[in-house]
Amino acid sequence: MPRKPPSLDKTQARRIWLSAQRLDSLSPFGDGPQATPAATAHLGYVQIDTINVIERSHHHILWTRIPDYRRDHLIQAQSADKSVFEYWTHALSYIPTADLRYFLPDMKAYLDKPNGWFESVAKSDLRKVLTLIRKSGPLTIRDIDDDVLVEKTHPWASRKPSKRALQLAFYTGVLTISARIGMVKTYELMERHFGWAEQQGLRPKPATERQRLDYIIDRALRSQGLISLDSICHLDAGRKGAVRERLESRVRRKELVAVEVEGAGKTEHWASPETLDTVAASPPAELVHILSPFDPLVIQRKRLKLFFDYDHRFEAYVPKEKRVFGYFALPVLVGEEVVAAIDLKTDRAAGKVLIQQWNWVGEGDAAAHKPAIEEALGRFEAFQLAE
């Protein structure tokens, strides 16, 4: 008779996830520039987003885990140390360069068959941008001023044909983003940026599909602790069947254990035996984290609701009259509970962060939590306004 899987209540599940996300300690990756690639390596990716009513998500996510984080630390990691690179996970993200080989097959797939977004790229436009970069070095779209402008085909598109050509070359791995200032990207030949052209043998070997599957499982185990098919394959449902086979193989080898999570219903979860042996018996320190809506703890909304009983609403694209939490509400984590959602906006001219709306959620209340949150908001404002 099969043994019943071990069970975890929501408190235990939360503690595993918080520990894996390194949100249960003050400075888990140390200080200084090297903390940024260390945090990115542990999390697996740091999502990039364009919205900037407050600091953009990639800087915010890193600051949450690195109290002395500075924006130039990420610039150094990308452009000087080259320890991180940009590519697509479930969204455009910073990824450890050590993991680049796992993304080379995706780049080749784009090269073999570009998706519909890039079907309109003319070969002449692609040749033009690549010739410019080969001859003149890295460039941004702002450096190209001789395009014949076209009508936009999408609100996020550009009237410059060269922009889509640069994007296609990026997704196929011919170009990489060697620098980013705000949302202005500098493109460079990938071979030249990483020095592969100068020294043979440096170019990584593309991962096999089996290695890729093991990679995304290991990434999830490291950064989530307690995993499910949905959490491993976020916005990548096509790989679920193959991932399940790899998980079942690990269970047979006793590398993973199936786990029942309170309230999860039919959603299966797995963890390593070591993780289950080290579930914290006491609550973490009551650290206050003002989280980005794109933080790895928040971005998977169903998982967040299951573990924290908190249903986050991202309302930036919701009509104003239908918003509940506000345009860009940030969940506030105190210890192991989400207690508030605060809609913030940075007024850079006035030199302050404005509270647009403050909602208490769950067990949050002003008497118990407001002083600590206000202190955290002061630190957050200092980070927002720092050069």
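Residues numbered from 1 in each chain as written. Predicted model: local features only at pLDDT ≥ 70, side-chain atom pairs only at ≥ 80, totals over all residues. Heavy atoms only, no water.

**Q** Explanation requested: unusual backbone geometry in the structure shown.
**A** Leaving glycine aside, a negative phi is the common case for residues, and trans is the common case for peptide bonds. You will see that Lys82, though not glycine, has its phi angle at about 60°, which is positive. Relative to the helices and strands, Lys82 is located in the loop between helix H4 (71-80) and strand E3 (84-88). What makes Lys82 partly exposed here is its relative accessible area of 29%. Positive phi is not limited to glycine here, since Lys254 has a value of about 65°. Note on placement: Lys254 falls in the loop between helix H11 (240-252) and strand E7 (257-261). (Helix = DSSP H or I, 4+ residues; strand = E, 2+ residues; numbered from the N terminus. Buried < 20%, exposed > 50% of the residue type's maximum accessible area, 1.4 Å probe, protein only.)

**Q** Help me understand the sheet that holds E7, please; the structure alone is not making it clear to me.
**A** Backbone hydrogen bonds hold the strands of a sheet together, and the pairing may be parallel or antiparallel. Spatially, the 3 strands line up as an open sheet ordered E1-E7-E8, and their pairing is mixed. In this open sheet, the two edge strands, each paired with only one partner strand, are strand E1 (7-8) and strand E8 (269-271). Pairing geometry for E7 and E8, over 3 bridges, is antiparallel. Paired with Ala258 across the bridge in E8 is Trp270. (Pairing = 2+ DSSP bridges.)

**Q** Got a minute to help me understand the side chain of Gln384 in this structure?
**A** When you line up the elements, Gln384 lands in helix H14 (residues 366-385). Apart from the residues within four sequence positions on either side, Gln384 is in contact with Ile54, Glu55, Arg71, Thr346 and Val353. (Contact = heavy atoms within 4.5 Å.)

**Q** Just checking my understanding: could you explain the environment of Asp112 for this structure?
**A** When you line up the elements, Asp112 lands in helix H5 (residues 104-112). Residue classification places Asp112 among the exposed positions, given a relative accessible area of 52%. Along the backbone, Asp112 and Ala285 are 173 residues apart, and their C-alpha atoms lie at a distance of 51 Å.

**Q** Help me out: how do you make sense of the packing of helix H1 (residues 10-20) against helix H13 (residues 301-308) in this one?
**A** Geometrically, a packed helix pair is captured by the angle between its two axes and the distance between the axes. Relative to each other, H1 and H13 sit at 130°, their axes nearing to 8 Å. It follows from the interaxial angle that H1 and H13 lie oblique. Residues Lys10, Ala13, Arg14, Trp17 and Leu18 of H1 form the contact with H13, whose participating residues are Arg303, Leu304, Lys305, Leu306, Phe307 and Phe308. In terms of residue class, the contact of H1 with H13 is made up of 7 nonpolar, no polar and 4 charged. (Axes fitted to C-alpha atoms, helices over the stretch in contact; angles between N-to-C directions. Parallel < 35°, antiparallel > 145°, perpendicular 65-115°, else oblique. Nonpolar A, V, L, I, M, F, W, Y, C, P; charged D, E, K, R; others polar.)

**Q** How should I be thinking about the packing of aromatic side chains in this particular structure?
**A** Evaluation of the coordinates by the stated rule reveals 24 aromatic pairs. For the pair Phe85 and Phe103, a centre-to-centre distance of 6.0 Å together with 75° between the ring planes defines the contact as edge-to-face. Taken as a pair, Phe85 in strand E3 and Phe103 in the loop between strand E4 (92-96) and H5 lie far apart in primary sequence, 18 residues in all. For Phe85, a relative accessible area of 1% corresponds to the buried category. Judged by its relative accessible area of 0%, Phe103 is buried. Seen in terms of ring centroids, Tyr87 and Phe103 are 6.2 Å apart; in terms of plane orientation they differ by 70°. Their pairing is edge-to-face. Linking Tyr87 in strand E3 with Phe103 in the loop between E4 and H5, this pair joins segments that are 16 residues apart in sequence. Here Tyr87 and Phe103 have matching classes, each one buried. (Phe/Tyr/Trp six-rings, centres within 6.5 Å; stacked < 30°, edge-to-face > 60°.)

**Q** Could you clarify how one ought to interpret the pairing of strand E11 (residues 337-347) in this entry?
**A** Remark: a regular strand shows side chains that alternate across the two faces of the sheet. Within E11, 8 of the 11 residues are buried, which leaves the element mostly enclosed by the surrounding structure. The pairing of strand E10 (residues 329-334) with E11 spans 6 bridges and is antiparallel. Within the sheet, the bridge partner assigned to Val332 lies in E11 and is Ala340. By the bridge criterion, 8 bridges tie E11 to strand E12 (residues 352-360) in an arrangement that is antiparallel. Bridge assignment links Thr346 to a residue of E12, and that residue is Val353. Taken together, E11 and the strand that follows it, E12, pair antiparallel across an intervening segment of 4 residues, in which Gly351 is found at a positive phi of about 70°.

**Q** What's the story with the sheet that holds E11 in this structure? I'm lost.
**A** The antiparallel open sheet is built from 4 strands, whose spatial order is E9-E10-E11-E12. Strand pairing shows two members of the sheet lacking a second neighbour, strand E9 (288-290) and E12, which therefore form its edges. The mean inter-strand angle of the sheet, taken between neighbouring strand axes irrespective of direction, is 30°.

**Q** Quick question: what am I supposed to make of the environment of Tyr45 here?
**A** Its location among the elements puts Tyr45 in the loop between helix H2 (35-43) and strand E2 (46-47). What makes Tyr45 buried here is its relative accessible area of 13%. Along the chain, Tyr45 and Val339 lie 294 residues apart, while their C-alpha atoms are 26 Å from each other. Among residues more than four places away in sequence, those in contact with Tyr45 are Thr40, Thr89, His90, Ser93, Tyr94, Ile95 and Arg219.

These values are about where atoms sit, not about what they do.
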